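In case you want the letters, here they are:
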Amino acid sequence: MKVAIIDYGVGNLRSVEKAFAATGCEAIVSGDERELRVAERLVLPGVGAFGACMKALTERGFDRLVYERAREGTPLLGVCVGMQLLFEESDEFGSTRGLGLLKGRVRKFSNALVVPQVGWNRIHQTRPHALFEGVADGAFCYFVHSFYCEPRDETVIAGETEYGGRYASVVAEKNICGVQFHPEKSQAVGLRMLKNFETRINTDFYSDQR
Amino acid sequence: MVKTVLAKRIIPCLDVDNGRVVKGIRFVSLTDAGDPVAQAKRYDLEGADELTFLDITASSDSRKIVAELVRRVADEVFIPFTVGGGLRSVEDIRSILRAGADKITLNTAALEHPELISACAETFGSQCVVVAIDARRRAEGGWEVYTHGGRRAVGQNAIEWAMHAEKLGAGEILLTSMDCDGTRGGYDIELTGAVSTAVRIPVIASGGAGKVEHFYDALTEGGASAVLAASLFHFGELSIAQVKSYLRGRGLEVR
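The model shown is predicted, which means the values in this text are computed figures rather than measured ones. Residue numbers run consecutively from 1 along every chain, following the written order of its sequence. Chain letters and ligand numbers both follow the written order, the letters beginning at A and the numbers at 1. The model is predicted, so local features are restricted to residues of pLDDT at least 70 and side-chain atom pairs to those at 80 or more, both for listing and for counting; the totals for chains, interfaces and linings are taken over all residues. Neither water nor hydrogens contribute to the side-chain values; these are computed over all heavy atoms in the structure.

Caption draft 1: Geometry of the overall build of chain A. What chain A contains, in helices and strands, is 6 helices and 13 strands. The globule rule used here is 2.2 Å times the number of residues to the 0.38 power, and the radius of gyration it is set against is calculated over C-alpha atoms. Its C-alpha atoms give chain A a radius of gyration of 15 Å, within 12% of the compact-globule value 17 Å for 210 residues. For chain A, with 210 residues in total, the buried portion stands at 57%. Computed with the Shrake-Rupley method and a 1.4 Å probe, the accessible areas treat only the protein chains shown as cover for residues. Approximately 8200 Å² of chain A is accessible, and the part contributed by carbon and sulfur atoms is 47%. In this tally, Lys and Arg are treated as positive and Asp and Glu as negative; His is ignored, and so are the chain termini. Note on charges: their place is set at NZ of Lys, CZ of Arg, CG of Asp or CD of Glu. If you average the places of the 26 positive and of the 27 negative side-chain charges in chain A, the two averages end up 2 Å apart. Comment: elements are numbered from the N terminus, with helices defined as DSSP H or I runs of at least four residues and strands as E runs of at least two. Burial classes: relative accessible area under 20% of the type maximum marks a residue as buried, over 50% as exposed, and values in between as partly exposed (1.4 Å probe, protein chains only).

Caption draft 2: View of the packing of aromatic side chains. Between 30 and 60 degrees the pair is tilted, below 30 it is stacked and above 60 it is edge-to-face, where a pair is any two Phe, Tyr or Trp rings, Trp via its six-membered ring, whose centres lie within 6.5 Å. In the structure shown here, the tally under the stated rule is 12 aromatic pairs over all chains. A centroid spacing of 5.6 Å and a plane angle of 65° characterise the contact between A:Trp120 and A:Tyr142, whose relative ring orientation is edge-to-face. In this pair, A:Trp120 is assigned in strand E8 (residues 117-125) and A:Tyr142 in strand E9 (residues 139-145), connecting sequence segments 22 residues apart. Grouped by ring-pair contacts, the aromatic residues A:Phe109, A:Phe143, A:Tyr148, A:Tyr163, A:Tyr167 and A:Phe181 constitute a single cluster. Its end group placed over the ring of A:Trp120, B:Arg255 keeps NZ or CZ at 3.8 Å from the ring centre. Two thresholds decide whether a charge sits over a ring: the Lys NZ or Arg CZ must be within 6 Å of the ring centre and within 35 degrees of the ring normal.

Caption draft 3: Broad picture of the packing of helix H1 (residues 14-22) of chain A against helix H6 (residues 187-200) of chain A. All names here are of chain A. As a packed pair, H1 and H6 sit with axes 9 Å apart at the nearest point and diverge in direction by 75°. Between H1 and H6, the angle is such that the two are roughly perpendicular. On H6, the residues touching Ala-19, Phe-20 and Ala-22 of H1 are Leu-191, Leu-194 and Phe-197. Residue composition of the contact of H1 with H6, grouped by class: 6 nonpolar, no polar and no charged. With axes taken as lines fitted to C-alpha atoms, and helix axes fitted only over the stretch in contact, angles between N-to-C directions fall between 0 and 180 degrees. Any angle that is under 35 degrees is reported as roughly parallel, and any over 145 degrees as roughly antiparallel; angles of 65 to 115 degrees are reported as roughly perpendicular and all others as oblique. Only heavy atoms enter the contact rule, under which two residues are in contact if any of them lie within 4.5 Å. Here the term charged refers only to Asp, Glu, Lys and Arg, the term nonpolar to Ala, Val, Leu, Ile, Met, Phe, Trp, Tyr, Cys and Pro, and the term polar to all other amino acids, Gly among them.

Caption draft 4: How the structure looks around the packing of helix H5 (residues 115-124) of chain B against helix H6 (residues 158-168) of chain B. All names here are of chain B. Orientation of H5 relative to H6, taken along the N-to-C sense of each, is 35°, at an axis distance of 8 Å. When the axes of H5 and H6 are compared, the crossing they make is right-handed. Contacts between H5 and H6 involve Ile-117, Ser-118 and Ala-121 from the first element and Trp-161, Ala-165 and Leu-168 from the second. Partitioned by chemical class, the residues of the contact of H5 with H6 number 5 nonpolar, 1 polar and no charged. Each helix crossing is assigned a hand: it is left-handed if the near helix lies turned anticlockwise from the far helix by less than a right angle, otherwise right-handed if that turn is clockwise.

Caption draft 5: Representation of the environment of B:Leu191. Residue and element names in this part refer to chain B. With respect to the element layout, Leu-191 can be found in helix H7 (residues 189-198). For Leu-191, a relative accessible area of 1% translates into the label buried. C-alpha separation for the pair Leu-191 and Ala-218, spaced 27 residues apart in sequence, amounts to 10.0 Å.

Caption draft 6: A look at the pattern of salt bridges. The term salt bridge refers to a pairing of a side-chain nitrogen on Lys or Arg with a carboxyl oxygen on Asp or Glu at a separation within 4 Å. Throughout the structure, instances matching the rule amount to 34 salt bridges over all chains. A salt bridge links A:Glu150 to A:Arg107; the shortest N-O distance between them is 2.7 Å. Separated by 43 residues along the polypeptide, A:Glu150 in strand E10 (residues 147-151) and A:Arg107 in strand E7 (residues 104-108) bring together distant segments of the chain. Accessibility expressed as a relative area gives 33% for A:Glu150, which makes it partly exposed. We classify A:Arg107 as partly exposed; its relative accessible area is 27%. Here B:Asp102 makes a salt bridge to A:Lys185, at a shortest N to O gap of 2.8 Å. Here B:Asp102 is found in the loop between helix H3 (90-98) and strand E6 (103-106), whereas its partner A:Lys185 is found in the loop between strand E13 (176-179) and H6 on a different chain. Residue B:Asp102 is classed as partly exposed on the basis of its relative accessible area, which comes to 23%. On the basis of relative accessibility, which here comes to 3%, the residue A:Lys185 falls in the buried class. The network of salt bridges with shared partners includes A:Glu89, A:Asp91, A:Arg105, A:Arg107 and A:Glu150.

All we've got here are geometric facts, nothing functional implied.
This is the structure in structure tokens:
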């Protein structure tokens, strides 16, 4: 089986599954460790609170599973809070630890902004990346979030979005990718990026050395 | 307040009765305009930024019909969509969100039990709670809120209710002018402007769209973040692409 969308009890995963199906990809929603261990690609979704997501992931032992499979080189796509979970820590309610696959923190948008950001906003491509194949620079995607990722190493940033300042909305380091928007709700652009994840992100051995 | 650059949204609305799309002209005479999933797919292809389904089914099993409809739409449409009409409890709402809706609207139930807004915002997040307000101009000035599909006046000022709903945790206001609805004479700009100024959350203007200029006026002078229309789009008199191209030509940010 090609793509497994990790079911750890948060949110509605049906839309993500159907979006992959619409791109012609074989994707399943699974909370079964054996299936997740053999899937060729993993999608880590997430909605709501970072802490609650991390807790649900940890309770099932999926924090280790995702970490190990990502380190083995399995293509991994974090979506929305799933992208945030890739980082080390979130400022939500003091501080909550994430998976630590990417270095950096998750911060809350300024109070001077309408939070959550809900709506269509642009992705400015800061470097060429396989995820962007066939996607115009500045294309609109659909966002719903109150926190954003602040990578410590700026080279992991592939796309940025403007919301009271620029922030990282697409990150990628070898096999590990994250998108802050909802590709499954971003019409043709979102579907294309899912397709690109499925066909263009290679299994590439993860190395701490950059 | 920091200015942000979210695209202005064009939202077709589908009124659904027993699983079929209908459209109310001034909330009374209803004309069949087709299958909801087919309509939703058409709007998705045409570039709609979001879809809204308002369920007007009166029967007691309407929840089941709606959940099934939501599931079918979610399987084939990859833009956000909102479902409203007759939702009365956190459990009703949970079933609709689980079926694949992104947001829900509360109208009568929110007026009768304002704490439902807070309960939903706490359980599912403000981003999925849209409070729908049907307002009619008062002879003595201001606007009065109506419930039950516009049949019952509740003796509340629309602007005050919008502010209260925001405080309780509403993420958006869907504001329908009953005076303008179905007339094609334009949105109620004064009402839209008054509510947009009073709240920080996005306001969706509804009721009265007849030509492209009306959308522009609601989004600029009216201060709305989004504009909703139903019959105009259903019967193909104006396409979403035409509206967007006009707005873009006049310098508004649209997707």
